[in-house]
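# Survey of secondary and tertiary structure
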Amino acid sequence: MHPATAKWYDRRDSVFIEFYVADSKDVKVNFDKAKFGFSCLAGTDNVKHENEIDLFDAIDENESKHKCTGRSVLCYLRKAQPGKPWPRLTKEKAKLSWLSVDFSNWKDWEDDSDEEMVNANPLSDLMSNMGGEEDLDLEGPEDDESADSDDEKMPDLE
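We now turn to the structure provided with this report. (Residues numbered from 1 in each chain as written. Predicted model: local features only at pLDDT ≥ 70, side-chain atom pairs only at ≥ 80, totals over all residues. Heavy atoms only, no water.)

## Some details on the environment of Phe19
Looking at where Phe19 falls in the secondary structure, it is placed in strand β2 (residues 14-19). When the C-alpha atoms of Phe19 and Leu74 are compared, they prove to be 6.4 Å apart, with 55 residues separating the residues in sequence. Residues in contact with Phe19, not counting those within four places in the same chain, are Ala4, Thr5, Ala6, Phe36, Phe38, Asn51, Arg71, Ser72, Val73, Cys75 and Trp98. (Helix = DSSP H or I, 4+ residues; strand = E, 2+ residues; numbered from the N terminus. Contact = heavy atoms within 4.5 Å.)

Pasting the structure below:
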């Protein structure tokens, strides 16, 4: 048995763990209030992977879920106390060789207000709501006729 390689990240109301096992079969995920277990068979030679974690804090085992893809198994652990940050996944501070932080999905949210979380990236919302068929002039006017009358040429710097 080998532990599966995994990455994790923290959110306001949940923790995500992704186990990187291709072609996983017989996936078993056990959600307990203070523990989390994962096992599967993977690859063409059916290597058995097994991971057990004593969690940093309690989770709601009834609201926690997992999803299998062809390349990995993503686990959603619902926090029992939403809004409380987890500085690490495990109860103990020991470094696990198979576990690392998923920095591409990590966000330091504990300093954000609820309003900032809703409006986290208004530019991306604006861009996704824009129509693709319209001609938008993002460069500005091509001729100088629309320039303000009070605009004057600035002298060159010496």
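Okay, back to it.
## Overview of the sheet that holds strand β4 (residues 35-42)
Ordered by their spatial adjacency, three strands build an open sheet running β3-β4-β5, and the pairing between neighbours is antiparallel. Edge strands, defined here as strands with exactly one partner in the open sheet, are β3 (25-31) and β5 (47-54). Within the sheet, the average angular offset between the axes of one strand and its neighbour, ignoring direction, is 5°. Where β3 meets β4, five bridges bridge the pair, whose relative direction is antiparallel. When the sheet's bridge partners are listed, Val29 is paired in β4 with Phe38. (Pairing = 2+ DSSP bridges. Axes fitted to C-alpha atoms, helices over the stretch in contact; angles between N-to-C directions.)

## Some thoughts on the sheet that holds strand β8 (residues 99-101)
Strand order in the open sheet made by the five strands is β6-β7-β2-β1-β8, with mixed pairing throughout. Both outer strands of the open sheet, β6 (65-68) and β8, are each paired with one neighbouring strand and no more. Direction aside, the axes of adjacent strands within the sheet are offset by 20° on average. Sheet topology places β2 next to strand β7 (residues 73-78); six bridges connect them, and they run antiparallel. If you follow Ser14 over to β7, its bridge partner there is Arg78.

## A few points about the packing of aromatic side chains
Per the counting criterion, the structure on display carries six aromatic pairs. Seen from their ring centres, Phe19 and Phe36 are 5.9 Å apart, and the 15° between their planes marks the pair as stacked. Here Phe36 lies in strand β4 and Phe19 lies in strand β2, a separation of 17 residues in the sequence. The class of Phe36 is buried, set by a relative accessible area of 1%. Taken together, a centroid distance of 4.0 Å and an interplanar angle of 5° make the contact between Phe19 and Phe38 stacked. Of this pair, Phe19 sits in strand β2 while Phe38 sits in strand β4, placing them 19 residues apart in sequence. Note on Phe19: relative accessible area 0%, which makes it buried. Members of the aromatic cluster, connected to one another through ring pairs, are Phe19, Phe31, Phe36 and Phe38. (Phe/Tyr/Trp six-rings, centres within 6.5 Å; stacked < 30°, edge-to-face > 60°. Buried < 20%, exposed > 50% of the residue type's maximum accessible area, 1.4 Å probe, protein only.)

## Some words on the nonpolar core
In terms of nonpolar packing, the biggest core is built from 23 residues, with Ile17, Phe19, Phe36, Phe38, Leu77 and Leu89 touching the most fellow members. Elements represented by at least two residues in this core include exactly β1 (6-10), β2, β3, β4 and β7. For this core, the element with the highest residue contribution is β4, accounting for four residues. Those residues in contact with Leu77 that sit more than four places away from it in its chain are Asp13, Ser14, Val15, Ile17, Phe31, Phe36, Leu55, Ile59 and Ser64. (Core = buried A, V, L, I, M, F, W, Y, C linked by side-chain atoms within 4.5 Å.)

## Re the pattern of salt bridges
Going through the model one piece at a time under the given rule, you end up with five salt bridges. A salt bridge links Glu52 to Lys35; the nearest nitrogen and oxygen atoms lie 3.1 Å apart. On the criterion of sequence distance, the pair formed by Glu52 in strand β5 and Lys35 in strand β4 is long-range, its members being 17 residues apart. Linking Asp57 and Lys84 is a salt bridge whose minimum nitrogen-to-oxygen distance equals 3.1 Å. (Salt bridge = Lys/Arg side-chain N within 4 Å of Asp/Glu carboxyl O.)

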